[in-house]
Amino acid sequence: MNRVIFLIDMQNFYASVEKADFPEFRNKPLIVAGDPKQRSGIVLAACSVAKQFGVLTAEPLGQALLKCPQAVIRLPRMQHYIDVSTAVTQFLGQFTDLVEPYSVDEQFIDVTDSLHIFGSPRTIAQKIQWCMQERFSVYTRIGIGPNKVLAKMACDHFGKKNKTGLFELNAKNIEKYLWPLPIRELLGVGHRMEQHFIGMGIRKIGHLAHYPVTLLRKRWGVNGELLWRTAHGLDSSPVSPGTFSEQKAIGHHMTLPYDYPEIKDIRVILLELSEEVAYRARAKHYTGYVVSVGISGTFERHVGFHRQIKLPFATNFGMDIYRAANQLFSESWDGLPVRAAAVTLSDLQLDSDSYQLDLFARREEKARLSSAVDTIYRKYGKTAIFRGPSLMPSSQLRARAGKIGGHFK
């Protein structure tokens, strides 16, 4: 049975929220950007007025100001944007109970069972656009499709470029609209996969749709078949309101203020990342078996690595995670400067009083220590107590305390 699914994209979301909160900036070019003194000094969002001057998302703030020196600069308020996004999710619940947040500024909704109440898909989409503008001062672009894949590509490739902000992709028109697009425009195709496809003579989405799926499956396994199905607009995944209720991994990523060339400094960052991941895991009552480390090189040398290791016991203790992270890093680092690092805990399970005994895990001792530390964190903040290495100049603990996603709340 064909469904009617929307992908709702909130245009220039951060900038739109800022203009809604500060009407005096409504007709001025506005840029939301991180601290220009740090690497976070890049454009996170720019309003339509600023974009008319050529300002681009993800470009350095200094470069954007050369194009638009009169722009109003706002530091990001990440918690506020999350709160607004949550309010949008609740608002969309007026149209259907099937609402799935896809990102902070995108939401999937399934309106199949609401058509007899609110009218045709286009009528519902137009009403949502109007209500979002009135209630949140946010302009939305909406992709319509029989599944999530087509709704997403309808929005990204056509709705965002359409004066109405609306577009529908379905089995009847994908050959006309979707297949002529370059293969890089297919959902799930990154730069490396694009190069593989081009080398095989697959330059457009239609070329992939006509390629023998058996050969794709032989070369890339399930992923090859998945991309072939995506090219045909096939997707059986439902709109699931509880998608994010069961967490699969807990991680923390940090872009450093400058390239770190010394291993002692990088280890400080790995320790702070590990402690943050452990704290988040304990807050959600999870332990995990698998520790992963991701390292990125300098901007001039776009290399790095991602490694993981499975522990003999599940943990949410910072030093357990750090020891595994440090081992992975020490075994894989090429000695060149590091620009960014990430630590992740996965293969999660809910923490419980029942666990496998380990003579050397010292679980009860770690649990008591972690509980005491968490109590101090909650009452006095993350900088009230920390490990000695965070006193080193390379530490980012104090600089990032009170931030969300590397930006101020």
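Our structure is the block above this text.
Residues numbered from 1 in each chain as written. Predicted model: local features only at pLDDT ≥ 70, side-chain atom pairs only at ≥ 80, totals over all residues. Heavy atoms only, no water.

K.L.:
Even after reading the chapter, I still don't get the environment of Leu44, so can you show me in this structure?
P.N.:
Looking at where Leu44 falls in the secondary structure, it is placed in strand β3 (residues 43-46). Separated by 31 residues in the primary sequence, Leu44 and Phe13 place their C-alpha atoms 9.8 Å from one another. (Helix = DSSP H or I, 4+ residues; strand = E, 2+ residues; numbered from the N terminus.)

K.L.:
Just to check I follow, could you spell out helix α6 (residues 121-136) for this structure?
P.N.:
Note: α-helices contain 3.6 residues per turn, so residues at a spacing of three or four share the same orientation. Its 16 residues place the ends of α6 22 Å apart at the C-alpha level, agreeing with the 22 Å of an ideal helix rising 1.5 Å per residue. For α6, the full list of buried residues reads Ile124, Ala125, Ile128, Gln129, Cys131, Met132 and Phe136. (Expected span 1.5 Å × (residues − 1). Buried < 20%, exposed > 50% of the residue type's maximum accessible area, 1.4 Å probe, protein only.)

K.L.:
Just checking my understanding: could you explain unusual backbone geometry for this structure?
P.N.:
Working note: non-glycine residues mostly have negative phi, and peptide bonds are mostly trans. Here the phi dihedral of Ala58 falls at roughly 80 degrees; this positive angle occurs in a residue that is not glycine. Along the chain, Ala58 turns up in the loop between α2 (48-51) and α3 (61-67). On the basis of relative accessible area, Ala58 is assigned to the exposed category, the value being 52%. The phi dihedral of Ser137 is positive, around 55 degrees, even though this residue is not glycine. Its location among the elements puts Ser137 in the loop between α6 and β7 (140-145).

K.L.:
Just checking my understanding: could you explain the sheet that holds strand β8 (residues 166-168) for this structure?
P.N.:
The pairing of strands in a sheet comes from backbone hydrogen bonds and takes either a parallel or an antiparallel form. Strand order in the open sheet formed by five strands is β5-β6-β1-β7-β8, and the pairing between neighbours is mixed. Whereas interior strands pair on both sides, the edge strands pair on one side only; in this sheet they are β5 (99-103) and β8. Here the strands of the sheet are splayed against their neighbours by 20 degrees on average, with no regard to which way each runs. Judged from the five bridges that link them, strand β1 (residues 5-10) and strand β6 (residues 106-110) form a sheet pairing that is antiparallel. Note that in β6 the partner of Ile5 across the bridge is Asp110. Strands β1, β6, β7 and β8 of the sheet are contacted by α6, whose axis makes an angle of about 160 degrees with β7. The sheet strands contacting helix α7 (residues 148-157) are β1, β5, β6, β7 and β8, and the helix crosses β7 at an angle near 140 degrees. (Pairing = 2+ DSSP bridges. Axes fitted to C-alpha atoms, helices over the stretch in contact; angles between N-to-C directions. Contact = heavy atoms within 4.5 Å.)

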